[in-house]
Amino acid sequence: MNLLNIISSIEKIDPEVHDRLDTRRGAMQQFAKIGGKIAMAAVPFALGSMFKTAYGQSTSDISSVLNYALTLEYLEAEFYTKGAASGIVPVGTPAVGAINTIRDHENAHVAFLITTLGSLGATPVSKPTFDFTAGGTFANVFTNYDTFLAVAQAFEDTGVRAYKGRAGDLISNHAVLTVALQIHSVEARHASHIRQMRKARGANVKPWITGNDTGGIGSAVQANYNGEELTTQAGVNILNFVSASAASESFDEPLTANQVLAIIKPFIV
Amino acid sequence: MDNKNTLLPANGNNSFPLPGMLGRRRFLSYLGLAATSATVIAACKKDKDGNNTVPPGSIDLGTGDIGILNYAYALEQLEAAFYTQVISSPFSGMTANEQSLLTDIRDHEIAHREFFKAALGTMAIKNLEVDFSSVNFGSRDSVLTTSKAFEDLGVSAYNGAGQLLKDSNYLLLAGKIVSVEARHAALIRDLISNGSFADSTVISMNGLDLASKPADVLTTASVFLKSKLYAGNLPTS
């Protein structure tokens, strides 16, 4: 294995490889010193870890988060586009405007994420084929308005948690991080309004998430809410200041990519 | 609560209440000068740590991540004080539903304020003095208009401050709070005019919410504050 050949190969793809590794000069010198002593089998491992540090949050890491977000936005955009076209939203009520507003935002997010991925030289993932009944769990999603709003609430609250869970992966790219945060809070505004729409139809729900309560939707979406009941933040017990309900409501909790992908899996054919 | 314990590393500030003033005194002492304050400002823009000198009577938010957390703490103090007043002197005609929702929001803002105070410990800025003389707490219109301004401001502040944080743990904490502020903003907007939860005054054609720099946010917030905040040592990128 020839270290210089490897770096030279990378240089053809990434002309800045020397700059990146230069900040790791100490590691390079260390590597050169011990290179002769360690077993050859260990070299690939040492190299991998060195490059991983130098490329901590590379363009490919950033674009994988953006493609993850794009998948969720595809889901929401198609959901509201189909819902708005289905005739399920009561004609002549403010709900029509609200659902259309949310639909337009989700479609704008899809378009914006595709543009952003393109500007990073990355390929946007294609739109999956969706089954909004989730294999029959929400069989009447486009024929029963309350089911439609219940699925909407689950999507919005989960979208908020999904963006929150990946923000840290974008911390090295200020522009992309800010855009992700700007989408994140829009999803929270949507969630708040959908919850108010459900409340107006008799659901026992508030604009914010209390404990891990699904707002009466039930076990089908329990995984979307598990973990929201947290009342300790960074070692501070929020129960010292407010009630348990308020303590959990005042902080929304993240979900990992794996948790989110498991939640949306039934909606993808 | 023992606020002498800090849960945050001392990586952006020190526990001296006015680090800028300390620097200025030392600098003057070194020069042996009795300068006018105008001369001081002109001659001594940086203290011994390279920080900008804090104007007399102002509260320095600090530097680095701690500065950004103190900036958030200042906004939460403002919001908590506002909703405490809203609930203690309800506007005329407040419905039971409105009272319940506004009480929840008050409690959320108190939770945020007390969280920052406890987490920052000795690095926390002091309690701020507010000025709500421009608000008519007896008027639903005045209260909700102010509330809307605070909530949209809070959302834009957290969205704009995320990129100024270095530690992803703090970024996550800010993320946990900003979505709750966005839920508040949407609700308050709907109380004023149903369906305005995310209208084009806050959401761009690309479906993006507002993001504002600390200096711009503090200009708006300063109308409601007797205390003067100094943001000159906050990170700008």
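Residues numbered from 1 in each chain as written. Chains lettered and ligands numbered in written order. Predicted model: local features only at pLDDT ≥ 70, side-chain atom pairs only at ≥ 80, totals over all residues. Heavy atoms only, no water.

For the rest of this paragraph, the subject is the overall build of chain A. The helix and strand inventory of chain A stands at 11 helices and 2 strands. In sequence order, the secondary structure elements of chain A are arranged as α-α-α-α-α-α-α-α-α-β-β-α-α. Residues classed as buried in chain A amount to 49% of the 269 residues present. Taking the contacts inside chain A whose residues are at least 6 apart along the sequence as the reference set, 71% of them involve residues at least 24 apart. Accessible surface, chain A: about 11,700 Å² in total, of which carbon and sulfur atoms supply 56%. (Helix = DSSP H or I, 4+ residues; strand = E, 2+ residues; numbered from the N terminus. Buried < 20%, exposed > 50% of the residue type's maximum accessible area, 1.4 Å probe, protein only. Contact = heavy atoms within 4.5 Å. Areas by Shrake-Rupley, 256 points an atom, 1.4 Å probe, with all protein chains shown as cover.)

All names here are of chain A. Regarding helix α11 (residues 257-264), the residues found buried are Ala-257, Val-260, Ile-263 and Ile-264. All buried residues of α11 lie within an arc of 125° about the axis, which places them on one face of the element. The exposed set on the far side of α11, more than 90 degrees from its buried face, consists of Asn-258 and Ala-262. (Arc of directions from axis to C-beta.)

Attention now moves to the packing of helix α5 (residues 59-86) of chain A against helix α6 (residues 94-119) of chain A. Residue and element names in this part refer to chain A. Close contact between α5 and α6 brings their axes to 8 Å; oriented N to C, the two are set at 150°. As far as their axial angle goes, α6 and α5 are roughly antiparallel. Helix-helix and strand crossings are classified by hand; for α5 and α6 the assignment is left-handed. Contact with α5, carried on its side by Ser-63, Leu-66, Asn-67, Ala-69, Leu-70, Glu-73, Tyr-74, Glu-76, Ala-77, Tyr-80, Thr-81 and Ala-84, involves Ile-99, Asn-100, Ile-102, Arg-103, Glu-106, Asn-107, His-109, Val-110, Leu-113, Ile-114, Thr-116 and Leu-117 of α6 and no other residues of that element. Tallied by class, the residues present in the contact of α5 with α6 amount to 13 nonpolar, 7 polar and 4 charged. (Axes fitted to C-alpha atoms, helices over the stretch in contact; angles between N-to-C directions. Parallel < 35°, antiparallel > 145°, perpendicular 65-115°, else oblique. Left-handed = near helix turned anticlockwise from the far one by under 90°. Nonpolar A, V, L, I, M, F, W, Y, C, P; charged D, E, K, R; others polar.)

The next point concerns the pattern of salt bridges. A side chain of one charge can pair with a side chain of the opposite charge if their charged atoms are brought near each other. Across all of its chains, the model carries 19 salt bridges over all chains by this definition. One salt bridge in this structure joins A:Arg195 and A:Asp157, with 3.0 Å as the shortest N-O distance. With A:Arg195 in helix α8 (residues 174-200) and A:Asp157 in helix α7 (residues 145-166), this pair connects stretches of sequence that are 38 residues apart. Accessibility assignment for this pair places A:Arg195 and A:Asp157 in one class, buried. If you follow the salt bridges from partner to partner, you end up with A:Arg189, B:Asp152, B:Arg189, B:Asp199 and B:Asp209 in one network. (Salt bridge = Lys/Arg side-chain N within 4 Å of Asp/Glu carboxyl O.)

Right, let's talk about the side chain of B:Ser227 for a bit. Following the sequence through the fold, B:Ser227 ends up in the loop between α7 (214-221) and β2 (228-230). Engagement of the side chain of B:Ser227 in a polar contact is seen with the backbone nitrogen of B:Glu129, the distance being 2.8 Å. (Polar contact = N/O pair within 3.5 Å; in protein donor to acceptor, adjacent residues only side chain to side chain.)

With that settled, consider the layout of surface pockets. Empty space within the largest pocket amounts to approximately 350 Å³. Elements with a contribution of two residues or more to the lining of the largest pocket: α6, α7 and α8 of chain A together with α6 (168-192) of chain B. With 4 residues, the single largest contributor to the lining of the largest pocket is α8(A). For the lining of the largest pocket, the class distribution of residues is 10 nonpolar, 5 polar and 2 charged. (1 Å grid on protein atoms, 1.4 Å probe; cavity = no way out; pocket = protein on both sides within 12 Å on 5 of 7 lines; lining within 4 Å. Points joined across faces, edges and corners; volume = space filled by probe spheres on them.)

In this structure, A:Phe79, A:Phe148, A:Ile238, B:Tyr71, B:Phe82 and B:Phe116 are the most contacted members of the largest nonpolar core, which totals 137 residues. Per-element tally for this core: the top contributor is helix α3 (residues 64-88) of chain B, with 14 residues. Apart from residues lying up to four places away in sequence, A:Phe148 is in contact with A:Phe79, A:Tyr80, A:Gly83, A:Ile88, A:Val89, A:Ile99, A:Val141 and A:Phe142. (Core = buried A, V, L, I, M, F, W, Y, C linked by side-chain atoms within 4.5 Å.)

Let us now look at the environment of B:Leu225. All names here are of chain B. Its location among the elements puts Leu-225 in the loop between α7 and β2. When the C-alpha positions of Leu-225 and Val-130 are compared, they lie 4.3 Å apart, and in sequence the two are 95 residues distant. Not counting residues up to four positions away in its chain, the partners in contact with Leu-225 are Leu-78, Leu-128, Glu-129, Val-130 and Asp-131.

A few words now on the side chain of B:Asp60. Residues and elements named next belong to chain B. On the secondary structure map, Asp-60 appears in strand β1 (residues 58-60). The buried category is assigned to Asp-60, whose relative accessible area is 11%. From its side chain, Asp-60 meets the backbone nitrogen of Gly-62 in a polar contact 3.1 Å long. In terms of polar contacts, Asp-60 uses its side chain to reach the side chain of Asn-233, at 3.3 Å.

Here we take up the packing of helix α5 (residues 140-161) of chain B against α6(B). Residue and element names in this part refer to chain B. Running from N to C, α5 and α6 cross one another at 150°; their axes reach a closest spacing of 8 Å. With respect to α6, the element α5 is oriented roughly antiparallel. As for how α5 packs across α6, the hand of that crossing is left-handed. Counted together, Arg-140, Leu-144, Thr-145, Ser-147, Lys-148, Glu-151, Asp-152, Val-155, Tyr-158 and Asn-159 of α5 and Ala-174, Ile-177, Val-178, Glu-181, Ala-182, His-184, Ala-185, Ile-188, Arg-189, Leu-191 and Ile-192 of α6 form the full contact between these two elements. For the contact of α5 with α6, the residue count by class is 11 nonpolar, 4 polar and 6 charged.

Taken residue by residue, the interface counts 56 residues in chain B and 52 residues in chain A. Of the roughly 4,300 Å² buried where chain B meets chain A, counting both sides, 66% is carbon and sulfur surface. Together, B:Lys176, B:Arg183 and B:Phe197 form the three largest contributors to the area buried by chain B at its contact with chain A, with a combined 18%. One can count 6 salt bridges joining chain B with chain A. Among the ionic pairs, A:Asp252 bridges to B:Arg183, the shortest N-O distance being 2.9 Å. Counting every contact that joins chain B to chain A gives 24 residue pairs in polar contact (both at pLDDT 80 or more). For the side of chain B that touches chain A, the secondary-structure elements that each account for two or more residues are α4 (96-120), α5 and α6 of chain B. (Buried area = accessible area lost by both parts, 1.4 Å probe.)

A full pass over the atoms with the stated rule returns 22 aromatic pairs over all chains. Aromatic pair B:Phe150 and B:Phe224: ring centres 4.8 Å apart, planes at 70°, arrangement edge-to-face. One end of the pair, B:Phe150, is in helix α5; the other, B:Phe224, is in the loop between α7 and β2, with 74 residues separating them in the sequence. We note that B:Phe150, like B:Phe224, is buried. Among the aromatic residues, ring-to-ring pairing joins A:Phe79, A:Tyr80, A:Phe130, A:Phe132, A:Phe138, A:Phe142, A:Phe148, A:Phe155 and A:Phe267 into one connected group. Lying across the ring of A:Tyr68, A:Arg166 places its NZ or CZ 5.0 Å from the centre. (Phe/Tyr/Trp six-rings, centres within 6.5 Å; stacked < 30°, edge-to-face > 60°. Lys NZ or Arg CZ within 6 Å of the ring centre and 35° of its normal.)

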